[in-house]
Amino acid sequence: MNGVLSFSLVAEALARLGRMTLFLLQLLVQCARALARPNLVVAQIYNAGGRSLVIIMLSGLFTGMVLALLGFNLLQRFGSQEALGFAAALALIKELGPVLTALLFAGRAGTALTSEIGLMNATDQLTAMKMMAVDPLRYVAAPRFLGGVIAMPLLTAIFDAVGLFGAHTIGVRMMGVDNGSFWSQMQASVGLNDVMEGVTKSLVFGFVCSLIAVYEGYHAEPTAEGVGLATTRTVVASSVLILLLDYMLIAAFL
Amino acid sequence: MDEIQRPLEAGEAGGDGPVVEVRDVHYSVHGRVIFKGLTLSAAKGKITAVMGPSGTGKTTLLRLMTAQIEADAGVINVFGRDVAQMGSQDVFAMRRRMGMLFQNSALLSDLDVFENVAFPLREHTDLTEPLIRNLVLSKLNAVGLRGAAELMPTELSGGMSRRVALARAVVMDPEVLIYDEPFVGLDPIALGMILRLIQQLNQALGITSIVVSHDVAELASIAHHSYLMADGRIVAAGTPAELARSDSPIVSQFMSGKPDGPVPFHYPAPDIVTQLLAGEGA
Ligand SMILES: Nc1ncnc2c1ncn2[C@@H]1O[C@H](COP(=O)(O)OP(=O)(O)OP(=O)(O)O)[C@@H](O)[C@H]1O
Ligand SMILES: [Mg+2]
């Protein structure tokens, strides 16, 4: 009985993965065509990115402040509080920046994308486009997907920068870490490899979050309830996948 | 005169040939039978009305005609071609020759009224901006909403949305216009205007029109040919005058709007007394 249940769960998950892959292939074809009309994509970068900016900056600031407090407390025990700049930068660039940005993005922009597309479907707008011989995958889905993929690394960079500012403010101004060694330790020890790891993560997360958000919106049951459920699925699936992929990427970069 | 004698190409079935032809179509969703042997056709250059009680599948019929869904059995020919045989490119090509007015307008919510009407032009033509402006404003003027060009769809009433949707449906000069319940929720002035518009588009431009509705009186005033649909098939057909004179019980029930008769008012359900008593027992 249990075996049957878990088998059907696995089968369902696989079927879903298959549908998503098919959707992705169709989407990628349309992305090439959507790029020929960049103004739609730019509008969606603003939609996904610009509107998440405030929450990303606030969260980055607090994360940096927390890092500085915790890090200072930890490093002080070994008498190496001068390494605070290095420690905060590494934690932000490699791990917290990409992951927290992606989680916030899924909650802010991902849900907005899903419910927007779901509502367009529920109010026959996607059908109307099809009836006007316009493929909604090209006009609606592809620009939103691309906008999310492009916005995520930019948001992550902003998160990192604001986070460092927060760490610097607490570490140097409040805790009295030497300003010179804060920056020089960071410069000396953070390598290109670390930055590449952060960039790779943010690209992967951007891809996954945008794909899930667009897919769920596009396939939401065309009712108020269906759109609500799809929005929830977007957050849950994105969050779990972000953390899972995070682990896999760390392992890959070790 | 030789010109007229040449054999007709497919899709051009000249004169009064049908633009849309539905033959013996069967269709069901989720085990519920919607159509069982539906047959009708829409003649070129004419206004064809399809009437029927709410929930008989009028919207479903339009979705079948425009290849949004597939029939279980039967043939649907549009412009002389079987829609079941069309690839997606053919379907898009067919739809470019059609305009459709949706029951719930379906305006694009992120564009304003002007851009909604301009949408098909921007997607399918390379017209210059001044030309697009002229076209859009003249279509909006025809539906009396030139002044509303800047409004967003959420700022429109239901009737206004319908009129914008109509302007959008005609902006590409389609050969066929499909109207799904165009009269619902309109005040008498807007209703008269839409009626006149449908008629003018048909008479002046020769646009073949298919109007689906349950408003018998309105349809009768403009239709050349009417079908009455009930129980998954066509139960009566003819000119509006012929239908009005018909002494068939189904037709007279529908035309005079009585709840009792061959067309059931109720969605299929168990006997009410049985159901209520069963509820008491539980
Ligand atoms: N996706 C669906 N799933 C289940 N049933 C459906 C679906 N779409 C339509 N139906 C059923 O098909 C029938 C016909 O629906 P349709 O929308 O075509 O009716 P209609 O004639 O346009 O009605 P109205 O005049 O109210 O617009 C309805 O009884 C409806 O319950
Ligand atoms: Mg309907």
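Criteria and thresholds
Residues numbered from 1 in each chain as written. Chains lettered and ligands numbered in written order. Predicted model: local features only at pLDDT ≥ 70, side-chain atom pairs only at ≥ 80, totals over all residues. Heavy atoms only, no water. Pairing = 2+ DSSP bridges. Helix = DSSP H or I, 4+ residues; strand = E, 2+ residues; numbered from the N terminus. Axes fitted to C-alpha atoms, helices over the stretch in contact; angles between N-to-C directions. Contact = heavy atoms within 4.5 Å. Buried area = accessible area lost by both parts, 1.4 Å probe. Salt bridge = Lys/Arg side-chain N within 4 Å of Asp/Glu carboxyl O. Polar contact = N/O pair within 3.5 Å; in protein donor to acceptor, adjacent residues only side chain to side chain. Nonpolar A, V, L, I, M, F, W, Y, C, P; charged D, E, K, R; others polar. Parallel < 35°, antiparallel > 145°, perpendicular 65-115°, else oblique. Left-handed = near helix turned anticlockwise from the far one by under 90°. Near = heavy atom within 4 Å. Buried < 20%, exposed > 50% of the residue type's maximum accessible area, 1.4 Å probe, protein only. Core = buried A, V, L, I, M, F, W, Y, C linked by side-chain atoms within 4.5 Å. Donors = N, O, S within 2.8 Å, 3.2 Å for Na, K, Ca; no water.

## Side note on the sheet that holds strand S10 (residues 233-238) of chain B
Residue and element names in this part refer to chain B.
Now for step 1: Within the open sheet, the six strands sit side by side as S6-S7-S8-S3-S9-S10. Their pairing is mixed. Both outer strands of the open sheet, strand S6 (98-101) and S10, are each paired with one neighbouring strand and no more. On average, each strand axis in the sheet is inclined to that of its neighbour by 15 degrees, with strand direction left out of account.
Now for step 2: Both strand S3 (residues 47-51) and strand S9 (residues 225-230) contribute to a ladder of four bridges, which runs parallel. Along S9, the bridge assignment pairs Ala49 with Ser226.

## Looking at the interface of chain B and chain A
Now for step 1: Of the residues lining the interface, 19 residues belong to chain B; the matching set on chain A comes to 17 residues.
Now for step 2: Between chain B and chain A the total buried area reaches about 1,600 Å² when both faces are included, carbon and sulfur atoms providing 63% of it.
Now for step 3: Taken together, the links from chain B to chain A amount to three salt bridges.
Now for step 4: Run the count over chain B and chain A and you get five residue pairs in polar contact (both at pLDDT 80 or more).
Now for step 5: Residue assignment for the side of chain B that touches chain A shows that the elements contributing at least two residues are helix H3 (88-96) and helix H4 (113-124) of chain B.
Now for step 6: Looking at the side of chain B that touches chain A residue by residue, the class counts come to nine nonpolar, five polar and five charged.

## Notes on the packing of helix H4 (residues 84-122) of chain A against helix H9 (residues 224-253) of chain A
Residues and elements named next belong to chain A.
Now for step 1: Packing of H4 against H9 brings their axes to within 9 Å, and their N-to-C directions diverge by 155 degrees. Taken together, H4 and H9 sit at an angle that is classed as roughly antiparallel. The crossing of H4 and H9 is right-handed. Note on element contacts: H9 touches H4 through Val227, Ala230, Thr231, Thr234, Val235, Ser238, Ser239, Ile242, Leu243, Asp246 and Ile250, opposite Glu95, Val99, Ala102, Leu103, Ala106, Gly110, Thr111, Thr114, Ser115, Gly118 and Leu119.
Now for step 2: Of the residues assigned to the contact of H4 with H9, the class counts are eleven nonpolar, nine polar and two charged.

## Considerations on the site of ligand 1
All names here are of chain B.
Now for step 1: In the vicinity of ligand 1 there are 14 residues, among which Arg32, Ser54, Lys58, Thr59 and Thr60 approach most closely.
Now for step 2: Taking Thr56, its main chain carries an N or O atom lying 3.4 Å from an oxygen atom of ligand 1.
Now for step 3: The side chain of Thr59 places a nitrogen or oxygen atom 2.7 Å from an oxygen atom of ligand 1.
Now for step 4: Every element with two or more residues in the shell around ligand 1 is listed here: strand S2 (32-43) and helix H2 (58-65).
Now for step 5: Ranked by residue count, the leading element in the shell around ligand 1 is H2, at three residues.
Now for step 6: The class makeup of the residues in the shell around ligand 1 is two nonpolar, nine polar and three charged.

## Regarding H4(B)
Now for step 1: Judged by how many residues are buried, H4(B) sits mostly within the fold: ten of twelve residues are covered.
Now for step 2: Turning to H4(B), its buried residues number three or more, namely Val113(B), Phe114(B), Asn116(B), Val117(B), Ala118(B), Phe119(B), Pro120(B), Leu121(B), Glu123(B) and His124(B).
Now for step 3: Turning to H4(B), the residues buried within the fold contact helix H5 (125-131) and helix H6 (136-174) of chain A together with H3, helix H5 (129-142) and helix H6 (158-170) of chain B.
Now for step 4: N-cap assignment for H4(B): the residue whose side-chain oxygen lies 3.3 Å from the backbone N of Phe114(B) is Asp112(B).

## Some points on the environment of Met229(B)
Residues and elements named next belong to chain B.
Now for step 1: Its location among the elements puts Met229 in strand S9.
Now for step 2: Along the backbone, Met229 and Asp90 are 139 residues apart, and their C-alpha atoms lie at a distance of 29 Å.
Now for step 3: Other than its neighbours up to four places away in sequence, Met229 contacts Phe35, Leu38, Val50, Met51, Gly52, Pro53, Thr56, Gly57, Lys58, Leu61, Ile234 and Val235.

## So, the nonpolar core
Now for step 1: Counting 102 residues, the largest nonpolar core has Leu27(A), Val22(B), Leu40(B) and Leu61(B) as the members making the most contacts within it.
Now for step 2: With 16 residues, the single largest contributor to this core is H6(A).
Now for step 3: In this view, Leu27(A) contacts Leu137(A), Ala141(A), Ala142(A), Phe145(A) and Leu211(A); residues no more than four positions away in its chain are not counted.
Now for step 4: Counting 49 residues, the second-largest nonpolar core is a separate cluster that includes Ile47(B), Leu166(B), Val171(B) and Leu186(B).

## Some points on the coordination of the magnesium ion (ligand 2)
Residue and element names in this part refer to chain B.
Now for step 1: Protein-derived ligands of the magnesium ion (ligand 2) are Thr59 (OG1) and Gln103 (OE1), with the metal-ligand distances lying across 1.9 to 2.4 Å. You can see Thr59 sitting in helix H2 and its partner Gln103 sitting in the loop between S6 and H4, a full 44 residues away along the chain.
Now for step 2: Among the residues examined, Gln103 registers a relative accessible area of 38% and is labelled partly exposed.

Fair warning: the whole summary comes from geometry, so function is off the table for now.
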